[in-house]
Amino acid sequence: MRTFSKLKGLPVYSNSSANLLGHVTDLCLSAKGFIIGLIMEGKGLFNRDRFVPIQSIDALGENGVMVESENKLLSIQDMKTNYTYNTYDDLRYKSVLTKEGERLGLLEDVYFSEKMGTIEAYELTDGFFADITEGKKVIKASSEPLTISKDAIVIDFLM
């Protein structure tokens, strides 16, 4: 299990050529909350941001992300036509509510399974001072998909 905050900024390498392809800048989630891939800032003058589908990731190590081949990466334009998605940056600090209407906090980070592409838990905050006095909350995700809107995230969680 891994958190996105530890993944952001890691270099992305090709297993087939050992070339540095870029660095992770964002995480992409489907409308139901499944991880569909990463957004990578391209390396060099003409390499634009690209999408790394979760299926093309061979390994997520402590010091880098290994992808099968550079050929498996998509341009951001191709990704937008083939996928409906939300990014982690879109979701960060959104209110997280239960299906019963209870506010749990603001989304700070997500714990996910790199092999399955599923969110395992949510790290929530109630603000800087609450984090110091009470600590951040980690809520285990259920198998039910979450609901994402422009206003909030609604989850079904396990106690």
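The shown structure was predicted, so the numbers you read here are calculated from the model rather than taken from an experiment.

Enquirer: Describe in detail the environment of aspartate 90, supporting the description with residues and values.
Expert: Topologically, aspartate 90 is positioned in helix α3 (residues 88–91). Overall, aspartate 90 belongs to the partly exposed group, its relative accessible area being 45%. Considering only alpha carbons, one finds aspartate 90 and aspartate 26, 64 residues apart in sequence, at a separation of 9.7 Å.

Enquirer: Can you lay out the pattern of salt bridges for me, pointing to particular residues and giving the numbers?
Expert: Applying the stated criterion across every chain yields a total of nine salt bridges. Between glutamate 70 and arginine 50 there is a salt bridge, and its shortest N-O distance comes to 3.4 Å. Within this pair, whereas glutamate 70 is found in the loop between β7 (65–67) and β8 (74–75), its partner arginine 50 is found in strand β5 (residues 50–53), the two being separated by 20 residues in sequence. Judged by its relative accessible area of 32%, glutamate 70 falls in the partly exposed class. Its relative accessible area of 13% is what places arginine 50 among the buried residues. Across the salt bridge formed by lysine 136 and glutamate 108, the nearest N and O atoms sit 3.4 Å from each other. Linking lysine 136 in the loop between α4 (128–133) and β13 (137–141) with glutamate 108 in strand β11 (residues 103–113), this pair joins segments that are 28 residues apart in sequence. Residue glutamate 108 is classed as buried on the basis of its relative accessible area, which comes to 12%. Via salt bridges that share partners, Arg92, Glu108, Glu123 and Lys136 belong to a single interconnected network.

Enquirer: Go over the environment of histidine 23, please, and point to the residues and values.
Expert: Here histidine 23 lies in strand β3 (residues 20–29). Taking the C-alpha atoms as reference, histidine 23 lies 5.3 Å from methionine 40; in sequence the two are 17 residues apart. Look past the residues within four positions of histidine 23 in its chain and what remains in contact with it is Gly9, Leu10, Pro11, Val12, Ile39, Met40 and Glu41.

Enquirer: Please provide a residue-by-residue account of the nonpolar core, values included.
Expert: In terms of nonpolar packing, the biggest core is built from 34 residues, with Leu7, Val65 and Tyr122 touching the most fellow members. With sequence-adjacent residues up to four places away left out, tyrosine 122 is seen in contact with Leu107, Asp109, Val110, Lys137, Val138, Ile139, Ala141, Leu146 and Ile155. In terms of nonpolar packing, the next biggest core, distinct from the first, is built from six residues, Cys28, Ile36, Phe51 and Met79 among them.

Thresholds applied
Residues numbered from 1 in each chain as written. Predicted model: local features only at pLDDT ≥ 70, side-chain atom pairs only at ≥ 80, totals over all residues. Heavy atoms only, no water. Helix = DSSP H or I, 4+ residues; strand = E, 2+ residues; numbered from the N terminus. Buried < 20%, exposed > 50% of the residue type's maximum accessible area, 1.4 Å probe, protein only. Salt bridge = Lys/Arg side-chain N within 4 Å of Asp/Glu carboxyl O. Contact = heavy atoms within 4.5 Å. Core = buried A, V, L, I, M, F, W, Y, C linked by side-chain atoms within 4.5 Å.

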